[in-house]
Amino acid sequence: MFTLQKQVDISAYTTLKIKAKAAFLAVIKEETELQEALSWARLQKLPVFILGGGSNILFTQKIKALVLKNEIKGVRVIKETETSVWVEARSGEWWSTLVRFAIERRWGGIENLYYVPGTVGAAPVQNIGAYGVELKDTFVSLRAINLKTGKEKIFTKKDCAFGYRSSVFKNKEKGKYFIASVTLKLSKKPVLRLDYGDIRAQLNEQGIKRPSVQQLAEIIRKIRDNKLPNPAIYPNAGSFFKNPEVTKADFVGLQKKFPEIKFFPGSKSGLVKISAGWLIEQAGFKGKRYGPVGMYEKQALILVNYGGASAKQVLAHVRRVQAGVYQKFGIKIEPEVNII
Ligand SMILES: Cc1cc2nc3c(=O)[nH]c(=O)nc-3n(C[C@H](O)[C@H](O)[C@H](O)COP(=O)(O)OP(=O)(O)OC[C@H]3O[C@@H](n4cnc5c(N)ncnc54)[C@H](O)[C@@H]3O)c2cc1C
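Here the structure is a predicted model, which means the values were calculated and not measured.

K.L.:
Looking at this structure, I do not really get the overall build of the protein. What am I missing?
P.N.:
Looking only at helices and strands, the protein has eight helices and 20 strands in total. The C-alpha atoms of the protein give 21 Å as radius of gyration, which agrees with the globular expectation for 340 residues (20 Å, within 12%). Each principal axis of the C-alpha distribution contributes one length, and for the protein these read about 60 × 55 × 35 Å. For the protein, buried positions account for 51% of its 340 residues.

Have a look at this one:
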């Protein structure tokens, strides 16, 4: 039986640590508890909100809902061949626990995503990505539970409509499902992605020519540790904004005006992705604080709550940064974080 708490401050369940009250909160450790909680919410005519590790959320108002904190854990192998292995993880498992499960067995495919905070169930919601790899690259399917009916549905890769930091769960099916488990196909003969960010430089520094999956994961952990603020010290939600994409024609014009502009290949042909961190830095926000809020001094894309910030102050800063970037470059940057 699930335990219900009333009028709970859930800031401690989020990495940005902004004060917000939930009308009801239940920590769910089994799927039977989930079904019971969904039935209760149905009877009360209350909406349901799913919370994983709270590392990609900004609550801006009182949450008049039953918040379900997902702690349904477990990882298992469901199929194996000579070259591949299918791993199913339950959605409340920490993402990095799943990555560790894979790298300890030398299975490749998700090592570049090591140390992305949060749970397995949230990973498909925004198609997590880091160091040239996205969840969709190894994703097979997921099992979801309809929040209204309690019925199960399998989503294939195609059904999920993965895009850059997006999926059907951020669009058409937003707020409709509880993702219960995720199945990935990992490789027993991994081809490692070493051509992104500082990976090569780190390998050279350590004199490693042909890294193992474990060595690569350890390098990723080190790079992230050096670059990203630890939410326990500097509360944050990772990259606050998405890298904007523009057409190649628009990009040519921008590059003429700003030859130093930092960019990457776009998510589709004909598009160019521009570094939002670079835009924010050039607009003068890197390391500059506005009261208790500011963009981190080592990584301008990360909004930090330096202590006691309110949702109102964070939202004001989000608008300030968007306006500053738009004024200088004519580009609208959109939040990656889920603003509730
Ligand atoms: C320091 C730091 C670094 C980060 N680096 C990266 C990075 O490199 N790459 C990257 O992609 N992201 C990154 N993030 C963002 C974050 O880690 C991911 O978005 C992660 O997947 C969020 O997981 P979570 O469990 O904390 O989700 P939450 O913040 O709890 O939830 C996020 C959204 O998913 C929904 N959700 C959560 N679980 C479920 C479920 N089981 N079923 C249905 N909906 C669900 C929630 O309702 C919410 O809308 C970073 C964040 C931080 C703080």
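K.L.:
How should the domain arrangement of the protein be read in this particular structure?
P.N.:
When the parts of a complex come together, some accessible area is lost, and that lost area is often used as the size of the interface. Partitioning the protein into domains gives domain 1 (4-70), domain 2 (75-227) and domain 3 (236-339). For domain 1 versus domain 2, the distance between C-alpha centres works out to 25 Å. Between domain 1 and domain 2, the contact holds 13 residues from the first and 18 residues from the second. Taking both partners together, domain 1 and domain 2 bury about 1,200 Å²; carbon and sulfur atoms supply 52% of that area. A salt bridge links Arg143 to Glu31; the nearest nitrogen and oxygen atoms lie 2.7 Å apart. Counting across the domain 1 and domain 2 interface gives four residue pairs in polar contact (both at pLDDT 80 or more). For the side of domain 1 that touches domain 2, the element with the most residues is helix 1 (residues 31-44), which contributes five residues. For the side of domain 1 that touches domain 2, the class distribution of residues is four nonpolar, six polar and three charged.

K.L.:
Help me out: how do you make sense of the pattern of salt bridges in this one?
P.N.:
Opposite charge on two side chains makes pairing possible when the charged atoms of those side chains draw close. Counted according to the given criterion, the structure contains 18 salt bridges. For the salt bridge of Glu30 with Arg90, the shortest nitrogen-to-oxygen distance reads 4.0 Å. Within this pair, whereas Glu30 is found in the loop between strand 2 (21-28) and helix 1, its partner Arg90 is found in strand 7 (residues 84-90), the two being separated by 60 residues in sequence. Residue classification places Glu30 among the partly exposed residues on the basis of a relative accessible area of 38%. Judged by relative accessible area, which is 26%, Arg90 ranks as partly exposed.

K.L.:
Whenever I open this one, the sheet that holds strand 16 (residues 271-274) confuses me. Can you help?
P.N.:
Strand pairing in a sheet is mediated by backbone hydrogen bonds. Such pairs are either parallel or antiparallel. Taken in spatial order, the three strands line up as 14-16-15 in an open sheet, and their pairing is antiparallel. Two strands lie at the open edges of the sheet, namely strand 14 (245-247) and strand 15 (263-265), each paired on one side alone. Here the average twist between neighbouring strands, direction ignored, is 40 degrees. Pairing analysis gives three bridges linking strand 14 to strand 16, with the strands arranged antiparallel. Bridging from a neighbouring strand, Val246 pairs with Val272 of strand 16. In the packing of helix 6 (residues 248-257) onto the sheet, contacts are made with strand 14, strand 15 and strand 16, and the angle to strand 14 comes to roughly 100 degrees.

K.L.:
I keep staring at the sheet that holds strand 7 and nothing clicks. Help me out?
P.N.:
Strand order in the open sheet made by the five strands is 6-7-12-10-11, with antiparallel pairing throughout. Edge positions in the open sheet fall to strand 6 (75-80) and strand 11 (152-156), since each of these has one partner strand only. Mean inter-strand twist for the sheet, computed between neighbouring axes without regard to direction, equals 20 degrees. Here helix 1 sits on the sheet in contact with strand 10 (139-146) and strand 12 (177-187), set at roughly 40 degrees to strand 10.

K.L.:
It is not clear to me how the layout of surface pockets should be interpreted in this structure. Could you clarify?
P.N.:
Over the atoms a probe the size of a water molecule is rolled, and this reveals where empty space is left. Within this model, the second largest pocket holds a volume of roughly 330 Å³. Lining the second largest pocket are 15 residues, and of these Leu46, Pro47, Val48, Phe49 and Gly175 lie nearest its centre. Here the lining of the second largest pocket is built from residues that sort into ten nonpolar, one polar and four charged. Taken domain by domain, the makeup of the lining of the second largest pocket includes at least three residues from each of domain 1 (4-70) and domain 2 (75-227).

Rules of the game
Residues numbered from 1 in each chain as written. Predicted model: local features only at pLDDT ≥ 70, side-chain atom pairs only at ≥ 80, totals over all residues. Heavy atoms only, no water. Helix = DSSP H or I, 4+ residues; strand = E, 2+ residues; numbered from the N terminus. Rg over C-alpha atoms; globule rule 2.2 N^0.38 Å. Buried < 20%, exposed > 50% of the residue type's maximum accessible area, 1.4 Å probe, protein only. Domains from an automatic or database assignment. Contact = heavy atoms within 4.5 Å. Buried area = accessible area lost by both parts, 1.4 Å probe. Salt bridge = Lys/Arg side-chain N within 4 Å of Asp/Glu carboxyl O. Polar contact = N/O pair within 3.5 Å; in protein donor to acceptor, adjacent residues only side chain to side chain. Nonpolar A, V, L, I, M, F, W, Y, C, P; charged D, E, K, R; others polar. Pairing = 2+ DSSP bridges. Axes fitted to C-alpha atoms, helices over the stretch in contact; angles between N-to-C directions. 1 Å grid on protein atoms, 1.4 Å probe; cavity = no way out; pocket = protein on both sides within 12 Å on 5 of 7 lines; lining within 4 Å. Points joined across faces, edges and corners; volume = space filled by probe spheres on them.

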